[in-house]
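Listed here are the chains, written in short residue letters.
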Amino acid sequence: CRSYCQGLAPHSDDLTLLTDVMYESYYFNSLFCYYKHQVFCVPEISTIPTIVLNDFYHPLIKDAVTNVIDINKEHTGLVISGPNMGGKTATLKAISISYLFFIKGIKLPCREAKLYPYKRFFYFGHDDQSLMDGESSFSSEVKSYTHMLNSLNEDNLIIIDEIFNTTSSEEASALAIAIFNLTAGTPTTGSL
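In this report, we go over the structure that sits alongside the text.

Calculation criteria
Residues numbered from 1 in each chain as written. Predicted model: local features only at pLDDT ≥ 70, side-chain atom pairs only at ≥ 80, totals over all residues. Heavy atoms only, no water. Phe/Tyr/Trp six-rings, centres within 6.5 Å; stacked < 30°, edge-to-face > 60°. Helix = DSSP H or I, 4+ residues; strand = E, 2+ residues; numbered from the N terminus. Buried < 20%, exposed > 50% of the residue type's maximum accessible area, 1.4 Å probe, protein only. Disulfide = S-S within 2.5 Å. Pairing = 2+ DSSP bridges.

This part is about the packing of aromatic side chains. One pass over the full model with this rule turns up 5 aromatic pairs. With centroids separated by 6.4 Å and ring planes inclined at 65 degrees, the aromatic side chains of Phe40 and Tyr57 adopt a geometry described as edge-to-face. Remark: Tyr57 occurs in the loop between β2 (51-56) and β3 (67-71) and Phe40 occurs in the loop between α2 (12-36) and β1 (44-45); sequence separation between them is 17 residues. Exposure remark for Phe40: the relative accessible area of 15% places this residue in the buried category. On the basis of relative accessible area, Tyr57 is assigned to the buried category, the value being 8%.

Have a look at this one:
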């Protein structure tokens, strides 16, 4: 084994290059196989803050329900409400996936799209409770949102799933509206 490794050592750069080419080829083959079985599109790039997704869906959900979203200069935010198991989280994740695919140059899971390349993207969708740090669900959520608010610039996309679900519904609504007003107060900031 040692002599075999010593024999390969002088060719390590070539082997690294070969491995990189192999990974790239697997990557593009996977994209091709995936695209061939779904509806995907190349998005139009907007010069103003815009998220338009027609017939978008979550690409990992079999027989996913398609939706339409149109957030533009006149409508800088969106609030989704509805019953449990109604698809709110799947919709927010589908929007997030579409945006991340857009940033990475991958076709989007939708029929048609127009997106703006925001400078900062924030997604909150889980409970970050830390018993080791003595943080409750609520305090960890407040800490995350405070960090986000301190990190905002003039160009942000913010997606929050079940904002302040760790406190009473009245307090959650008041806090959510306050954050929405803070982020929507900047003309080029979009919030979901």
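Applying the stated criterion across every chain yields a total of 0 disulfides. We note that Cys1 lacks a disulfide partner, and the nearest cysteine sulfur, in Cys5, lies 4.4 Å from it.

Judged by how many residues are buried, strand β6 (residues 156-160) sits mostly within the fold: 5 of 5 residues are covered. In this structure, strand β5 (residues 120-124) lies alongside β6, joined through 5 bridges in parallel fashion. When the sheet's bridge partners are listed, Phe121 is paired in β6 with Leu157.

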